[in-house]
Amino acid sequence: MVYWSYSYVYQPAVLNVKSDKIVAEQLQCRFPEAPIYTHIDAYLMRYYTLNYYMNDRLRLFDEELPQKGLLLLNETECEDFVAKHDDNYNFLKLHTTSHRSCDTRDNISVYSFSKED
């Protein structure tokens, strides 16, 4: 009986908190049309789980160098990234999640950006 309680009540509640599904739903609801780009300093690291729940909507900032949109950054990388691209882009921090991404183990900061003319 204890095992059944753990398996069907307690374990799912604990494991579901680790998923990026909640963050994906919030982003989809708050920014339904805006293009969303990402950047992570680690080689070949991506927001795979978040992208899955967002139906493959995320794009790589460094590959496309877009004119404007939303940008997702690891909270610990924000300052360096903004300083690096400050000459060409204007950034405005909109939100930082209280949920650590299961892919990067860091909170995600959401920025709006536009390229300077």
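Structure's up top.
Figured I'd write up the structure that's included with this text. Quantities reported herein were computed from a predicted structural model and do not represent experimental measurements.

Re a negative patch on the surface
- There is a patch of like negative charges on the surface, built from Asp41, Asp62, Glu63, Glu64, Glu79 and Asp80.
- Among the secondary structure elements, those contributing two or more residues to the negative patch are α4 (61–64) and α5 (78–85).
- By residue number, the principal contributor to the negative patch is α4, which donates 3 residues.
- Considering the arrangement of structural elements, one finds aspartate 62 in helix α4.

Details of the nonpolar core
- Ranked by size, the top nonpolar core spans 14 residues in total, and within it Leu27, Tyr47, Leu50, Met54, Leu58 and Leu72 carry the most contacts.
- Broken down by secondary-structure element, the contributors of at least two residues to this core are α2 (21–30), β3 (68–74) and β5 (107–115).
- Among the elements that line this core, the one with the most residues is α2, at 3 residues.
- Among all residues touching tyrosine 47, those that are not within four sequence positions of it are Thr38, Ile40, Leu58, Leu72, Leu73, Asn74, Ser101, Asp103, Thr104 and Ile108.
- With 11 residues, the next largest nonpolar core counts Phe61, Leu71, Cys78 and Phe91 among its residues.

Details of unusual backbone geometry
- You will see that asparagine 55, though not glycine, has its phi angle at about 55 degrees, which is positive.
- For asparagine 55, the position within the fold is in the loop between α3 (48–53) and β2 (58–60).
- With a relative accessible area of 66%, asparagine 55 lands in the exposed category.
- Despite not being glycine, aspartate 56 has its phi angle at roughly 60 degrees, a positive value.
- Structurally, aspartate 56 is set in the loop between α3 and β2.

The rules behind the values
Residues numbered from 1 in each chain as written. Predicted model: local features only at pLDDT ≥ 70, side-chain atom pairs only at ≥ 80, totals over all residues. Heavy atoms only, no water. Patch = residues over 30% accessible without salt bridge, like charges linked within 9 Å, V, L, I, M, F, W, Y side chains within 5 Å. Areas by Shrake-Rupley, 256 points an atom, 1.4 Å probe, with all protein chains shown as cover. Salt bridge = Lys/Arg side-chain N within 4 Å of Asp/Glu carboxyl O. Lys, Arg positive; Asp, Glu negative; His and termini not counted. Charge placed at Lys NZ, Arg CZ, Asp CG, Glu CD. Helix = DSSP H or I, 4+ residues; strand = E, 2+ residues; numbered from the N terminus. Core = buried A, V, L, I, M, F, W, Y, C linked by side-chain atoms within 4.5 Å. Buried < 20%, exposed > 50% of the residue type's maximum accessible area, 1.4 Å probe, protein only. Contact = heavy atoms within 4.5 Å.

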